[in-house]
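If you want the building blocks of each chain, they are given just below.
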Amino acid sequence: MAKIKITQIKSTIDRPRRQKDTMRSLGIRKMNQTVVKEANPQILGMVAKVQHLVKVENA
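Here we summarise the structure given alongside this text. Just so it is clear, the model here is predicted, and its values are computed rather than measured.

Each value, and the rule that gives it
Residues numbered from 1 in each chain as written. Predicted model: local features only at pLDDT ≥ 70, side-chain atom pairs only at ≥ 80, totals over all residues. Heavy atoms only, no water. Helix = DSSP H or I, 4+ residues; strand = E, 2+ residues; numbered from the N terminus. Polar contact = N/O pair within 3.5 Å; in protein donor to acceptor, adjacent residues only side chain to side chain. Contact = heavy atoms within 4.5 Å. Pairing = 2+ DSSP bridges. Axes fitted to C-alpha atoms, helices over the stretch in contact; angles between N-to-C directions. Core = buried A, V, L, I, M, F, W, Y, C linked by side-chain atoms within 4.5 Å. Buried < 20%, exposed > 50% of the residue type's maximum accessible area, 1.4 Å probe, protein only.

What follows is about the side chain of Gln8. Residue position: Gln8 is located in strand E1 (residues 3-8). A polar atom in the side chain of Gln8 sits 2.8 Å from the backbone oxygen of Lys10. What Gln8 contacts, discounting residues up to four positions off in sequence, is Met23, Ile28, Arg29, Lys30, Met31, Asn32, Gln33, Leu53 and Val54.

Listed below in structure tokens is the structure:
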């Protein structure tokens, strides 16, 4: 499977609880933090729900 690099670029302050929980599930806790994940359907679905808060690149 391909890997993707996910970086938080916007704050989760004043965001719905579900979006905050999704960011935590991705392993992102701070601004400008980057995580590398496998590009499976579950991860891609989570990224789609918070795409306005993150930047996604191929790793």
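Read on for the rest.
Before going further, it helps to spend a moment on the sheet that holds E1. Judged by pairing direction, the sheet is antiparallel, and its 3 strands sit side by side in the order E2-E1-E3 without closing on themselves. Sheet topology places strand E2 (34-38) and strand E3 (54-58) at the edges, where each strand pairs with a single neighbour. Across this sheet, the average inter-strand angle for adjacent strands is 25°, counted without regard to direction. Of the strand pairs in this sheet, E1 and E2 are connected by 5 bridges, and their pairing is antiparallel. When the bridges of E2 are listed, Thr7 appears paired with Thr34. Running over the sheet, helix H2 (residues 41-49) touches E1, E2 and E3 and is turned about 25° from E1.

Looking now at the nonpolar core. Membership of the largest hydrophobic core is limited to 12 residues, which are Ile4, Ile6, Met23, Leu26, Ile28, Val35, Ala39, Ile43, Val47, Val50, Leu53 and Val54. For this core, the secondary-structure elements that each account for two or more residues are E1, helix H1 (17-26) and H2. In this view, Ile6 contacts Leu26, Ile28, Gln33, Thr34, Val35, Lys37, Ile43, Val47, Val54 and Lys55; residues no more than four positions away in its chain are not counted.

The subject of this paragraph is the pairing of E1. Every other side chain in a regular strand lies on the same face of the sheet, so the side chains alternate between the two faces. Taken together, the 5 bridges between E1 and E3 define a ladder with antiparallel strand orientation. Directly across from Gln8, in E3, lies its bridge partner Val54.

Turning to unusual backbone geometry, a few remarks are in order. One non-glycine residue, Asp14, lies in positive phi territory at about 65°. Residue classification places Asp14 among the exposed positions, given a relative accessible area of 74%. Unusually for a residue other than glycine, Asn32 sits at a positive phi of about 65°. By the secondary structure assignment, Asn32 is in the loop between H1 and E2. For Asn32, a relative accessible area of 59% gives the class exposed.

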